[in-house]
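# A closer look at the structure
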There are 2 protein chains.
Amino acid sequence: RCRPMANATTDELEKVIHERLDVGKVTAMTRAGTSGWAVMHRATTDTGKRLFIKVSREDASMFQGEAQGLSAMFDTQTIRVPEVFQYGQLSSVQGSYIIMEALDLSPIYDQGELGRQLARLHLADPVLPEAHQGRFGFSIDNTIGATPQPNGWMEDWVSFFRERRLKHQLLLTGDSGLIDRGNRLCLRLNDLFDDIKDDIKPSLLHGDLWSGNISGEYAAPVIFDPACYYGHHEADFGMSWCGGFASGFWEGYHDLIPRAPRFEQRQKLYQLYHFLNHYNLFGGGYYGMADLILDQLLKELQ
Amino acid sequence: RCRPMANATTDELEKVIHERLDVGKVTAMTRAGTSGWAVMHRATTDTGKRLFIKVSREDASMFQGEAQGLSAMFDTQTIRVPEVFQYGQLSSVQGSYIIMEALDLSPIYDQGELGRQLARLHLADPVLPEAHQGRFGFSIDNTIGATPQPNGWMEDWVSFFRERRLKHQLLLTGDSGLIDRGNRLCLRLNDLFDDIKDDIKPSLLHGDLWSGNISGEYAAPVIFDPACYYGHHEADFGMSWCGGFASGFWEGYHDLIPRAPRFEQRQKLYQLYHFLNHYNLFGGGYYGMADLILDQLLKELQ
Ligand SMILES: Nc1ncnc2c1ncn2[C@@H]1O[C@H](COP(=O)(O)OP(=O)(O)O)[C@@H](O)[C@H]1O
Ligand SMILES: Nc1ncnc2c1ncn2[C@@H]1O[C@H](COP(=O)(O)OP(=O)(O)O)[C@@H](O)[C@H]1O
């Protein structure tokens, strides 16, 4: 559809790789599919490096979020994620790119290993100074799907989740029924954390952990395409309704991080965020799910 | 944990492959991960064949369902699925196996292509005589996850879905609240099909189409691990809440099979079956989802 543009992109990517990355010259570059908003490329260089490149017509801010999230997880050395080499604006055409290590993905992985490695990610000592000091948030705002996800640092987890997560998505729905009940839920939020509120430490979260963002590489688990921030570790299970997690996963995870009281109830809360986001992104049936969880939580907290 | 057993299994598999499949002798056999209920193996033979083998401690009936489903889809030549070579009971240890073509899976695939190929699967002329004559069901009962899925042939789709799908899962919940309301829904089911009831033809369905059962092979879509039967094509979207389908998928599908009136409402009905099944398999949060959809449908049909 857009041949000259695509060629300009490829030419520019080859130049970027050659001039700004210490990996040699590109010897082959192929398209490797598209997703909703990006075109994937694979490149090989004359030093034998294999790169995976995502290109989008948007500006570089989404890739900045992805790059900083991947790097933060990579630096913990707890779970396999692709190493990021660079991201930036394209100059020859409108758009942006992220260049990372190519993974050798194949869909089989050890579920128990994923559980243990995810727990280790959540237990890792925070690198960012704000999180190290106990605050919740991230170095930059990022996106969850295409929805903006604000990450301004806050001292208190419950306040963070209320202001930067729930209220933010509620407002985006523009639906007064959801907003009213959501606000009522926000007033009762502390009750869900009674048993654990002094134990909540900032954990680096993947932030969008569903089966499409988990894969295997030689049977070891890999995760990618994150929406990272520092938060309560249980919040990483907000997408577990689409995680494909088998019992081995939960055993592995809870071997390292025991299940706290009212885990199931808070899981609903954390799912509510993603259902609201799915409603904001895709509409339709997800309204009902958000609506339901809101009702259930309000009833339980009466 | 079970070394001697595993070796007996491998030895027997090598023998089965050599003696009963026309693919030569096994030159290498490696473990390739486990899932909730099966151990995966890969084998290469001296004629260069690459095989994928699932082994379970259960009897062969689950693999019989999988084998017949995969073969039925394979025979339509509409969408890529692995070719099945054999399944059977193990004799050296308790358990069973299925041997199929090894796929070269990698997670990227063309969503539009998946939509079009799935539509072609749904449009393919049924091979089984009962379905060719317009009946709904399958050659054998199979399983959806680990839940039995009865497939006895019936003339009428709405009756089939009521008796063999909804009522079956409702009873398994043992929950009188769900059962009562489910029965009320069953009485109103025809209303959801008013506009289309004369157009419903038996389509071969994958039956468990979620993102974990879809992958790519050199960018082309592949589907596997089915729970096949002949049914209303829209029923294949009962797992779409976890399908990862982007707009390109829907465009591709509806290019070949236009969206019928009340598609969204029936999608809820078809999701209800899978939410009930998830509740029966995993409990917990899925109760609420089944409960919600039941309520919504009952309200809409008043
Ligand atoms: N570093 C990588 N190497 C190889 N394949 C990758 C890599 N990162 C992602 N992929 C593949 O590309 C697909 C799309 O990538 P993803 O980051 O999830 O894209 P999007 O942000 O568009 O959802 C993934 O499902 C995965 O299969
Ligand atoms: N024919 C095949 N070749 C290669 N890999 C396969 C094949 N079939 C399945 N797989 C891989 O094995 C994984 C588990 O297989 P699946 O049939 O879904 O198992 P289960 O029935 O236990 O869920 C799949 O996610 C897929 O990655």
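In this report, we go over the structure that sits alongside the text. Along every chain, residues carry numbers that run from 1 in the direction the sequence is written. To read the labels, note that chains go from A and ligands from 1, taken in the order they are written. pLDDT decides what is reported in this predicted model: residues at 70 or higher carry local features, side-chain atom pairs at 80 or more are listed and counted, and totals for whole chains, interfaces and linings draw on all residues regardless. Neither water nor hydrogens contribute to the side-chain values; these are computed over all heavy atoms in the structure.

### Some points on the site of ligand 2
The near set for a molecule or strand comprises every residue that places at least one heavy atom within 4 Å of it. Residues in close proximity to ligand 2 total 19 residues, the closest being B:Ser35, B:Lys54, B:Glu101, B:Leu103 and B:Asp225. Nearby residues place ligand 2 at the junction of chains A and B. Pairs of N or O atoms are called polar contacts if they sit within 3.5 Å, as long as, within protein, a hydrogen donor faces a hydrogen acceptor (for residues adjacent in sequence, only side-chain-to-side-chain pairs). A distance of 3.2 Å separates an oxygen atom of ligand 2 from a polar atom in the side chain of B:Trp37. Between ligand 2 and the protein, one listed contact pairs a nitrogen atom with a backbone N or O atom of B:Glu101 at 2.9 Å. Note that accessible areas follow from Shrake-Rupley with a 1.4 Å probe, and for residues the cover is restricted to the protein chains shown. About the coverage of ligand 2: the protein hides 89% of its 540 Å² of free accessible area. Of all elements in the fold, only strand 2 (39–45), strand 3 (50–56) and strand 5 (96–101) of chain B reach the threshold of two or more residues within the shell around ligand 2. Three classes are used, and their members are as follows: Ala, Val, Leu, Ile, Met, Phe, Trp, Tyr, Cys and Pro are nonpolar, Asp, Glu, Lys and Arg are charged, and the others, Gly among them, are polar. Class assignment for the residues of the shell around ligand 2 results in 11 nonpolar, three polar and five charged. In DSSP terms, a helix is any run of H or I states spanning at least four residues, a strand is any run of E spanning at least two, and both are numbered starting from the N terminus.

### Remarks on the relation of the copies chain A and chain B
For these two chains of identical sequence, chain A goes onto chain B by a turn of 180° and a shift of 0.0 Å along the axis, with RMSD 0.0 Å. Such a combination of rotation and displacement between the chain copies is what one expects of a two-fold axis. In this assembly, 100% of the residues forming the interface of chain A have copies in chain B that are likewise at the interface, indicating an isologous arrangement. Here the copies were fitted onto each other by least squares, based on C-alpha atoms from residues at pLDDT of at least 70 in both. What makes two residues a contact is simply this: any of their non-hydrogen atoms within 4.5 Å.

### Remarks on the state of the cysteines
A pair of cysteine sulfur atoms is labelled a disulfide when the two atoms are within 2.5 Å. Applying the stated criterion across every chain yields a total of one disulfide over all chains. With a sulfur-sulfur separation of 2.1 Å, A:Cys242 is cross-linked through a disulfide to B:Cys242. Between A:Cys242 and B:Cys242, the disulfide has an S-S torsion of 90° and is therefore right-handed. Taken as a pair, A:Cys242 in the loop between strand 11 (229–231) and helix 7 (247–256) and B:Cys242 in the loop between strand 11 (229–231) and helix 7 (247–256) lie in two separate chains rather than in one.

### Quick notes on the side chain of A:Ser240
Here A:Ser240 is to be found in the loop between strand 11 and helix 7. Among the polar contacts listed, one links the side chain of A:Ser240 to the side chain of A:Gln267, at a separation of 2.7 Å. A polar contact is formed between the side chain of A:Ser240 and the side chain of A:Gln271, at a distance of 3.4 Å. If sequence neighbours within four positions are ignored, A:Ser240 has contacts with A:Phe245, A:Trp250, A:Gln267, A:Gln271 and B:Tyr286.

### Side note on the sheet that holds strand 3 of chain B
Across a sheet, strands are paired by hydrogen bonds formed along the backbone, either parallel or antiparallel in direction. Residues and elements named next belong to chain B. Taken in spatial order, the five strands of this open sheet run 1-2-3-5-4, and their pairing is antiparallel. Sheet topology places strand 1 (26–34) and strand 4 (84–89) at the edges, where each strand pairs with a single neighbour. Strand-to-strand, the axes of this sheet are offset by a mean angle of 20°, without reference to chain direction. Strands were regarded as paired on the criterion that DSSP finds at least two bridges between them. Looking at chain direction, strand 4 and strand 5 are connected through five bridges and run antiparallel. Whenever a helix is involved, its axis is fitted only over the stretch in contact; in every case the axis is a line through C-alpha atoms, and angles between N-to-C directions fall within 0 to 180 degrees.

### Looking at the sheet that holds strand 3 (residues 50–56) of chain A
All names here are of chain A. With respect to topology, five strands assemble into an open sheet ordered 1-2-3-5-4, the strand pairing being antiparallel. Among the strands making up the open sheet, the edge pair consists of strand 1 (26–34) and strand 4 (84–89). If you compare each strand with its neighbour and ignore which way they point, the axes differ by 20° on average.

### Re the site of ligand 1
The local shell around ligand 1 holds 19 residues, among which A:Ser35, A:Lys54, A:Glu101, A:Leu103 and A:Asp225 are the closest. At the site occupied by ligand 1, the surrounding residues belong to chains A and B. Here A:Glu101 contributes a backbone N or O atom positioned 2.9 Å from a nitrogen atom of ligand 1. A distance of 2.8 Å separates a nitrogen atom of ligand 1 from a polar atom in the backbone of A:Leu103. Burial of ligand 1 by the protein chains amounts to 89% of its free accessible area of 550 Å². Put simply, the parts of the chain that give the shell around ligand 1 at least two residues each are strand 2 (39–45), strand 3 and strand 5 (96–101) of chain A. Taken together, the residues of the shell around ligand 1 break down into 11 nonpolar, three polar and five charged.

### Observations regarding the packing of aromatic side chains
All names here are of chain A. For Phe, Tyr and Trp, where Trp contributes only its six-membered ring, two rings pair if their centres lie within 6.5 Å, and the inter-plane angle classes them as stacked under 30 degrees, edge-to-face over 60, or tilted in between. One pass over the structure, following the stated rule, counts 52 aromatic pairs over all chains. The rings of Phe-136, Trp-157, Phe-160, Phe-161, Phe-193, Tyr-229, Tyr-270 and Tyr-273 are connected pair by pair, giving a single aromatic cluster. Seen from the ring of Trp-250, Arg-259 lies directly overhead, with NZ or CZ sitting 5.8 Å from the centre. The rule for a charge over a ring is simple: NZ of Lys or CZ of Arg within 6 Å of the ring centre, and within 35 degrees of the ring normal.

### Description of unusual backbone geometry
Residue and element names in this part refer to chain B. For Tyr-218, which is not glycine, the phi dihedral falls at a positive 50°. Mapped onto the fold, Tyr-218 is located in the loop between strand 9 (214–217) and strand 10 (220–223). For Arg-262, which is not glycine, the phi dihedral falls at a positive 65°. Examined against the element boundaries, Arg-262 turns out to sit in the loop between helix 7 and helix 8 (263–282). Exposed residues in this analysis have more than 50% of their type's maximum accessible area, buried residues have under 20%, and partly exposed residues fall in between, with area computed by a 1.4 Å probe over protein chains only. For Arg-262, a relative accessible area of 29% gives the class partly exposed.

### A word on the nonpolar core
For this analysis, a nonpolar core means a set of buried residues of the types Ala, Val, Leu, Ile, Met, Phe, Trp, Tyr and Cys, connected via side-chain atoms within 4.5 Å. Counting 154 residues, the largest nonpolar core has A:Trp157, A:Leu185, A:Leu269, B:Trp157, B:Leu185 and B:Leu269 as its most contacted members. Not counting chain neighbours up to four residues away, the residues in contact with A:Leu185 comprise A:Leu166, A:Leu269, A:Leu272, A:Leu294, A:Leu297, A:Leu298 and A:Leu301.

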